Structure formats: structure tokens, C-alpha cells
Amino acid sequence: MRLLLFATDMQFCATFKKMTWPVLLLLWLFFIPLAALIYTSWSYPLNCHWNPRCEPLGMPKVELSSYELASFFRHQLATLPTPPWSEKELQHLTEVRGIYDQVFWLFVVITALFILDLLINKRVCRYRRYAIHSRNLMLGLLVLMLAISPFFRFFWMEIFHPLVFSNELWRTDPKDISWYLMPGNYFLRVILFLLATTLVLNQLLIFLLPKDKNR
């Protein structure tokens with residue numbers, strides 16, 4: 001009876017890992033380009049090449065504001081200077097930084113789970129299977145995002161933000177630095193960049209990990 005229960009528990013654990021590990025791996029890989037985006041300032045000046053709203057600010061102010069925002073997200077700035085940042089967007093960006101902090105700690109926890117699992121099971125080849133499933137999930141998400149891209153503004157303004165935030169501090173106007181740096185098309189480009197980069201990293205992981213010789 002005990003052997004049967006043990007076998008059942010082992011089967012449950014294997015099934016649970018098969019279902020959840022690809023999702024965890026997807027989140028882990030997604031955080032890498034996300035960190036490169038939010039903790040550095042390159043994306044805002046780059047987007048200004050296609051964003052006419054940047055012109056009134058001028059590139060020196062764009063670069064300074066971008067540096068301040070990245071430093072704020074890295075907790076190297078306790079707060080954003082107001083002015084030029086408005087009190088409203090400071091409150092919103094503080095809330096956004098809290099979300100990023102939670103994502104960072106989720107990344108740490110997932111990393112710890114993977115390391116512990118590898119130390120116990122010593123089956124690196126299994127992660128290639130997880131990576132394949134993760135790649136397929138990410139490919140589906142990328143196709144979905146491309147499908148809704150013509151309606152992105154509606155999705156971003158009427159669905160995403162009301163679901164994530166319990167206030168409307170995220171709504172910007174020309175008094176806000178964010179209005180100039182981060183129009184709607186910036187976020188569409190950012191999301192496509194994050195999904196595509198995660199897909200590339202996922203495929204690279206599949207290429208690098210050893211195949212399971214027992215399959």
C-alpha cells in the first residue's frame with residue numbers, strides 16, 4: 001500500500017512538473033529581456049526616432065528623463081524629481097516599480113526552484129523538453145499579440161490597465177513626461193520586442209541543452 005501511495009505521489013509530482021515547469025521557464029526567460037528594458041534607459045531614446053512627441057522635449061531631456069526612470073526602477077533613485085515629473089505619474093510609476101519588484105523576486109524564486117531541482121534530480125536533459133513546451137507557448141503568445149496589434153490601443157487602454165490598476169493615474173497628458181516618452185505605440189513595440197526576444201532565448205536554450213537519450 002505504501003509503495004502504491006509513493007508511486008502515486010511520484011506520478012503526481014512528475015505530472016505537476018510537466019505542466020508547470022514550462023510556464024515557470026517561460027516566465028524566467030521573459031524576465032531577462034524585461035530586465036534589460038526596464039533597468040536600462042536605451043528604449044526611450046530609440047523609440048523617439050519614430051515618436052514625434054519627443055521633439056518638444058529635445059534629446060538631452062529625453063536622455064536625462066530616461067536615465068532617471070531607469071535609475072528609479074533600479075532603486076538608485078528613491079523618487080523622481082517633481083518637476084519635471086508630475087506628482088500623478090510619480091504615484092503611478094511607484095506602483096509600477098512595485099510590480100517590477102514582485103516580478104524580480106518571482107525570478108529569484110523560480111531560479112532557486114530550478115537550481116534545487118537540478119541538484120536533486122541531476123537531469124538537465126529534461127529541461128530541453130520543458131524549453132520546447134515553453135517555446136510553443138511563447139510562439140502562441142507572439143501570434144496572439146500580432147493578431148490584436150491592430151486593436152492594441154483599445155486592449156491597452158480599456159482592458160489591460162483597468163485589470164492591473166485600481167486607479168486611473170496611468171492616464172497621461174502633456175503635463176507628464178511619460179506622455180512624451182511612452183505613447184501607446186511604444187508599449188506595442190516593447191511587448192513585441194519582449195515576446196520575440198524571449199522566443200529567441202527559448203530556441204537558443206533548446207539548441208544548447210542536451211537531448212534526453214532515454215526518449
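Here we come to the nonpolar core. Residues L69, F73 and L181 are the most contacted members of the largest nonpolar core, which totals 40 residues. Going through the elements one at a time, α1 (2–38), α3 (59–73), α4 (87–121), α5 (126–148), α6 (152–164), α7 (177–181) and α8 (184–208) are the ones with two or more residues in this core. Broken down by element, this core gets its largest block of residues, seven residues, from α8. When neighbours within four sequence positions are excluded, L69 is seen to be in contact with Y44, L80, W85, L93 and M182. Within the second largest apolar cluster, 11 residues are counted, among which are L29, I110, Y130 and A131.

Here we take up unusual backbone geometry. Cis geometry marks the peptide bond from T82 to P83; its omega dihedral reads -5 degrees. Its location among the elements puts P83 in the loop between α3 and α4.

Another aspect to go through is the side chain of N51. Position of N51 relative to the elements: it lies in the loop between α2 (43–47) and α3. Among the polar contacts listed, one links the side chain of N51 to the backbone oxygen of Y180, at a separation of 2.7 Å. In contact with N51, not counting residues within four places along its chain, are Y180, L181 and P183.

In this section: the environment of F207. Within the secondary structure layout, F207 lies in helix α8. Overall, the relative accessible area of 68% leaves F207 in the exposed class. Each C-alpha atom of the pair F207 and A131 lies 9.8 Å from the other, and the pair is 76 residues apart in sequence.

Calculation notes
- Residues numbered from 1 in each chain as written.
- Predicted model: local features only at pLDDT ≥ 70, side-chain atom pairs only at ≥ 80, totals over all residues.
- Heavy atoms only, no water.
- Core = buried A, V, L, I, M, F, W, Y, C linked by side-chain atoms within 4.5 Å.
- Buried < 20%, exposed > 50% of the residue type's maximum accessible area, 1.4 Å probe, protein only.
- Helix = DSSP H or I, 4+ residues; strand = E, 2+ residues; numbered from the N terminus.
- Contact = heavy atoms within 4.5 Å.
- Polar contact = N/O pair within 3.5 Å; in protein donor to acceptor, adjacent residues only side chain to side chain.

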